[in-house]
Amino acid sequence: MEWLSDPNIWVGFLTLVVLEIVLGIDNLIFIAILAEKLPPHQRDKARLLGLTLAMLMRLGLLTMISWIVSLTAPLFSVGSLDFSGRDLILLLGGLFLLGKATMELHERVEGKTHAHAGPVEYASFGVVVAQIIALDAVFSLDSVITAVGMVDSLGVMMAAVVVSMGVMLFASKPLTRFVNAHPTVVVLCLSFLLMIGLSLIAEGFGFHIPKSYLYAAIGFSVMIEALNQLARRNFAKQESHIPLRERTADAVLRLLGAKGGEAAAAAGAASAPDTAFVPEERNMVSGVLSLSQRSIRSIMTNRADISWIDMEADAATIRTQLLDTPHGFFPVCRGELDEIVGVARAKDLMADLTHAGRIDPAHVRPPIIVPDASGVLKVMETLKRSHGQVVLIADEYGTIQGLVTPIDILEAIAGEFPDEDELPVVREEGPGRWRVDGSADLHYLQQVLGTDALVSENDEYTSLAGFMLEQFGTLPEVGQAVELDRLRYEVAEVLDRRIATVLVTRIAPAERPARAS
């Protein structure tokens, strides 16, 4: 019983069990495929019978091949080399393992898989069992030859085969899932087959390779693969902390060929020739995916830009305002914006002024007011139920901060649609040079400039002016600039204690950017 204390035997036994299990997966899969041709109540019986026959066949082949390997008497000579029956079995077995492992590795590296299609037809139990026996004979060769190459004791070989088949018998489905989910484990085991096949060929030519060398190489490889699996698991765990929606959005944008940072700066505004989507399509998809993460302040018309009607003004003033402003809806107030009465159509107001010389309160609809903490998607749902009416945005103190119309939602997705009395917030003045309003939305500006350095999840500002104030820490003077991601943002105009206009210039690669000046 001294063999029980030999570590080499235990290492060889455990390694052989693992290899036998991996080599038996294909056999298990084909048995399952054949069993599917039987009625459901006979399938488990066929699987059990198939695995049992595979075990018996492997034990028989082990006994036969082990006996042949013991035949060391020379049969013929080639030059100075004598070849016995044992040498021939080792040479043929080594070549068989090299060929099989090479073909399997080729299929897995090239991404080819075994496809089994066609309608499922019920067959007789005897026919299926006969097919399983034929398959067992083919699939047993590599496992038997591997066992001969791994260990020298027939008892250890048989014990490993019995244990591996028992594990496959009681854990066939989890084993199949594990092998399919960890392709690198299969590649590693196929690499072991290459090494064992090479050692068998060397043994056949009379060059003895100690089994401890093989065990050391296999053990080191297994340790590296264990570290690799641990690293993959930790990476997957870290990825799971990122919201699924964000991961999906990033994957979709990468699929569309979206670029950011310096890559986009180099690419410019033109679409890349190797992408199937033009920048406008990528920008729209990006706009849709970012809607739920955007603040309502980033898309609303700010308080300072709201056109509202004062009910206390005279008819001529109101009529002039209606004719000069190309809007269909107006907030109606008393004296100031926060004294909101409601919202009215421009044509209803004109009709009241024409017939009665004043605004009829009956034509003023109750206002729809939502808090500024509401998300864009919630405001969009409110707009759907408003029948074309605008939605007013108020802060926690009830002060009107802005308003949102359906066109604001569309602009957040597809870009800017200026009114007749408006200029685009981003105006290109030449190659790599833009004049941008301080109120420009940072998400839209990022798409135009091809950068991803302006928007951060922790920032409370939503406009270019807010970004500039954050960079300087105070209201800057005209001419002051900040440089970021090879773009220079220079203050061009300051009005009423706010940044009105900014000149944006792309910095040539030769120039060295500075943070702020």
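Cut-offs and rules
Residues numbered from 1 in each chain as written. Predicted model: local features only at pLDDT ≥ 70, side-chain atom pairs only at ≥ 80, totals over all residues. Heavy atoms only, no water. Helix = DSSP H or I, 4+ residues; strand = E, 2+ residues; numbered from the N terminus. Buried < 20%, exposed > 50% of the residue type's maximum accessible area, 1.4 Å probe, protein only. Contact = heavy atoms within 4.5 Å. Areas by Shrake-Rupley, 256 points an atom, 1.4 Å probe, with all protein chains shown as cover. Pairing = 2+ DSSP bridges. Axes fitted to C-alpha atoms, helices over the stretch in contact; angles between N-to-C directions. Arc of directions from axis to C-beta. pLDDT = per-residue confidence, 0-100. Polar contact = N/O pair within 3.5 Å; in protein donor to acceptor, adjacent residues only side chain to side chain. 1 Å grid on protein atoms, 1.4 Å probe; cavity = no way out; pocket = protein on both sides within 12 Å on 5 of 7 lines; lining within 4 Å. Points joined across faces, edges and corners; volume = space filled by probe spheres on them. Nonpolar A, V, L, I, M, F, W, Y, C, P; charged D, E, K, R; others polar. Expected span 1.5 Å × (residues − 1). Core = buried A, V, L, I, M, F, W, Y, C linked by side-chain atoms within 4.5 Å. Salt bridge = Lys/Arg side-chain N within 4 Å of Asp/Glu carboxyl O.

What follows covers the overall build of the chain. Looking only at helices and strands, the chain features 17 helices and 14 strands. Expressed as a percentage of the 517 residues in the chain, the buried residues total 38%. Within the chain, residue pairs in contact and separated by at least 24 positions form 60% of the contacts whose partners lie at least 6 positions apart. For the chain, the exposed area adds up to about 28300 Å²; of that, 60% sits on carbon and sulfur atoms.

Turning our eyes to something else, we now look at the sheet that holds strand β5 (residues 329-334). Read from one edge of the open sheet, three strands run β4-β5-β6, paired in mixed fashion. If you trace the sheet from one side to the other, it starts and ends with β4 (309-310) and β6 (336-345), each paired once. The pairing of β4 with β5 spans two bridges and is parallel. Considered in β5, the bridge of I309 is made with V332. Along the sheet face, helix α13 (residues 346-355) touches β4, β5 and β6 and points at about 90° away from the line of β6.

Buried within α13 we find A346, L349, D352 and L353. All buried residues of α13 fall inside an arc of 125° around its axis, so they share one side. Along α13, the residues that are exposed and aim more than 90 degrees away from the buried face are K347, T354 and H355. Packed against the buried residues of α13 are β4, α12 (315-324), β5 and β6. G357 occupies a position one or two residues after α13 and carries a positive phi of about 75°.

Time to look at the environment of G335. With respect to the helices and strands, the residue G335 is situated in the loop between β5 and β6. Taking relative accessible area as the criterion, G335 reaches 41% and is therefore assigned partly exposed. Between the C-alpha atom of G335 and that of E312, which follows or precedes it by 23 residues, the distance is 6.5 Å. When neighbours within four sequence positions are excluded, G335 is seen to be in contact with W308, D310 and E312.

Before going further, it helps to examine the confidence of the model for the chain. Model confidence for the chain is summarised by a mean pLDDT of 76, while 71% of its residues fall at 70 or above. Within the model, pLDDT remains below 50 along residues 114-120, and this stretch shows five contacts once partners closer than five positions in the same chain are excluded. The model gives residues 260-274 a pLDDT under 50, and that stretch makes 19 contacts with residues more than four places away or in other chains.

This part is about the sheet that holds strand β13 (residues 487-495). An order of β10-β11-β14-β13-β12 is seen for the five strands of this open sheet, with the pairing classed as antiparallel. Each having just a single partner strand, β10 (426-430) and β12 (481-484) make up the two edges of the open sheet. Across the sheet, the mean angle from the axis of one strand to that of its neighbour is 25°, orientation sign disregarded. Across four bridges, β10 lies against strand β11 (residues 433-437) in antiparallel orientation. Within the sheet, the bridge partner assigned to R427 lies in β11 and is R435.

Let us now look at the side chain of Q389. Inspection of the secondary structure puts Q389 in the loop between α14 (376-384) and β8 (391-394). A relative accessible area of 5% means that Q389 is categorised as buried. Only 2.9 Å separates the side chain of Q389 from the backbone oxygen of P366, close enough to count as a polar contact. When near neighbours in sequence (up to four residues on either side) are disregarded, Q389 contacts F329, V343, R365, P366, P367, I368 and L383.

Enumeration over the complete set of coordinates arrives at two cavities of 30 Å³ or more. Lining the largest cavity are R294, E411, A412, I413, A414, G415, D441, H443, Y444 and Q447. Mapped onto the lining of the largest cavity, the elements with two or more residues apiece are α15 (406-414) and α16 (442-449). Per-element tally for the lining of the largest cavity: the top contributor is α15, with four residues. Across the lining of the largest cavity, the residue classes break down as four nonpolar, three polar and three charged.

Right, let's talk about helix α7 (residues 183-204) for a bit. With 22 residues, α7 extends 32 Å from end C-alpha to end C-alpha; this agrees with the ideal 32 Å at 1.5 Å per step. Two residues or fewer past α7, G206 is found with a positive phi of approximately 90°.

With that out of the way, let us pick up the nonpolar core. Formed by 23 residues in total, the largest nonpolar core has its most connected members in V436, L464, F467, M468, Y489 and V504. Of all the secondary structure elements, the ones that give two or more residues to this core are β11, α16, α17 (464-472), β12, β13 and β14 (498-506). For this core, the leading source of residues is α17, giving five residues. Contacts of V504, omitting those with residues within four sequence positions, involve G432, R433, W434, V436, L449, L487, R488 and Y489. If you look at the next biggest cluster of nonpolar residues, it comprises 14 residues, including I299, M300, V370 and V391.

Turning to the side chain of D395, a few remarks are in order. In this structure, D395 sits in the loop between β8 and β9 (400-404). Among the polar contacts listed, one links the side chain of D395 to the backbone nitrogen of Y397, at a separation of 3.0 Å. Among the polar contacts listed, one links the side chain of D395 to the backbone nitrogen of T399, at a separation of 2.9 Å. With residues near it in sequence (within four places) discarded, D395 still touches R297, D372 and Q401.

Glancing now at the pattern of salt bridges. For the coordinates displayed, the defined rule picks out eight salt bridges. Here R427 makes a salt bridge to D437, at a shortest N to O gap of 3.2 Å. Taken together, the residues R427 in strand β10 and D437 in strand β11 connect sequence positions ten residues apart. One network of salt bridges, with partners in common, ties together E429, R433 and R435.

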